[in-house]
Amino acid sequence: MRLAFLMPALILGGAASAAPDGPVARAVMAQELFDAGVATRDGLTQIAAARLAAGITMQPVPREPKVEGKGKAEDAPLPLDAAQMLAAARAAVAMDETLGILMTSTEATAEVLPKDSLRMSEAALAPGQSHLYEMPAEGGVALDIGVLAASGTRIALEVAQGEQILCRAEGLCSVTLTESAQITVTLQNPGEGAAGYRLLTN
């Protein structure tokens with residue numbers, strides 16, 4: 001039966017899972033998987049991504065960035081949250097009976113999944129604009145920093161300590177300092193349109 005064949009791909013967090021450690025890394029992976037599923041019209045991938053996202057609780061944290069560059073981005077869309085991913089996945093598999101059964105099981109499971117938490121701040125960037133966040137990093141403890149961008153947009157992520165660049169990426173940085181210190185997280189919109197984002201930390 002097709003359903004039995006597909007099920008192992010959705011056992012995220014089990015022995016066969018490729019899900020990364022830490023809620024920030026999993027949230028970034030879920031977003032990347034979902035976007036890939038939408039781009040390829042792959043309902044199974046969208047279901048798997050939504051299930052992964054549903055295992056994470058995002059706790060809103062107020063952060064005020066330093067803004068570099070001009071422009072307005074108040075109406076920029078934000079990335080989909082777990083509930084919106086589940087709804088979009090449901091619509092994507094509406095015509096597939098087998099995946100519809102799997103979707104129903106996924107929705108029921110999502111309600112009772114044990115959840116890991118992370119800290120989240122929402123904002124938006126105008127084209128070419130940057131947001132700089134100052135935050136503490138505890139010595140000897142890994143600090144995971146992720147950014148989720150709305151579908152079709154890109155956000156460049158950079159983490160620095162003073163003049164030293166610790167990480168440049170699109171999606172996820174993990175840094176461990178030898179001693180506690182302040183770091184600067186810079187998010188930059190290299191695109192031609194406004195981009196909403198969620199900044200994630202553990």
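Sequence order sets the numbering: in each chain, residues are counted from 1 along the sequence as written. In keeping with the predicted nature of the model, local features appear solely for residues at pLDDT of at least 70, side-chain atom pairs appear and are counted solely at 80 or more, and the whole-chain, interface and lining totals rest on all residues. In computing side-chain properties, one takes all heavy atoms of the structure into account and sets aside hydrogens as well as water.

Visitor: Break down the state of the cysteines for me, citing the residues and quoting the values.
Guide: In this description, a disulfide is simply a cysteine sulfur pair whose atoms lie within 2.5 Å. Applying the stated criterion across every chain, the model contains 1 disulfide. Disulfide partner of Cys167: Cys173, at an S-S distance of 2.0 Å. Measuring handedness by torsion sign, the sulfur bridge of Cys167 and Cys173 sits at about -80° and is left-handed.

Visitor: Can you tell me about unusual backbone geometry, naming the residues and giving the values?
Guide: Phi at Arg41 takes a positive value of approximately 55°, unusual for a residue other than glycine. Each helix is a run of H or I in the DSSP string that is no shorter than four residues. Each strand is a run of E no shorter than two, and both are numbered from the N terminus. Mapped onto the elements, Arg41 comes out in the loop between α2 (23-39) and α3 (43-54). In this scheme, a residue with accessible area under 20% of its type's maximum is buried, one over 50% is exposed, and one in between is partly exposed, where area comes from a 1.4 Å probe on protein chains only. Taking the relative accessible area as the measure of exposure, Arg41 reaches 79% and is therefore exposed.

Visitor: Please provide a residue-by-residue account of α3, values included.
Guide: In an α-helix there are 3.6 residues to a turn, and that puts residues three or four apart on one side. The terminal C-alpha atoms of α3 lie 16 Å apart, and with 12 residues this matches the ideal 16 Å at 1.5 Å per residue to within 8%. Burial runs high along α3: 12 of the 12 residues are buried. Turning to α3, its buried residues are Gly43, Leu44, Thr45, Gln46, Ile47, Ala48, Ala49, Ala50, Arg51, Leu52, Ala53 and Ala54. One side-chain oxygen at the N-terminal end of α3 lies 3.1 Å from the backbone nitrogen of Leu44; it belongs to Asp42. Helix span, as expected, comes to 1.5 Å for every residue beyond the first. By the criterion applied in these results, polar contacts are pairs of N or O atoms within 3.5 Å in which, for protein atoms, one can donate a hydrogen and the other can accept it, and in which residues neighboring in sequence qualify only through two side-chain atoms.

Visitor: Tell me about the pairing of strand β6 (residues 156-161), residues and numbers included.
Guide: In this analysis, strands are considered paired if DSSP registers two or more bridges between them. Examined bridge by bridge, β6 and strand β9 (residues 181-188) share 5 bridges and lie antiparallel to one another. Each residue of the ladder has a partner; that of Val159, found in β9, is Val185. In terms of strand pairing, β6 meets strand β7 (residues 164-169) through 5 bridges, oriented antiparallel. Residue pairing for β7: Ala160 is matched across the bridge by Ile165. Following β6, the chain reverses through 2 residues before pairing antiparallel with β7; Gly162 in that reversal takes a positive phi of roughly 65°.

The values reported here are purely geometric and, on their own, carry no functional implication.
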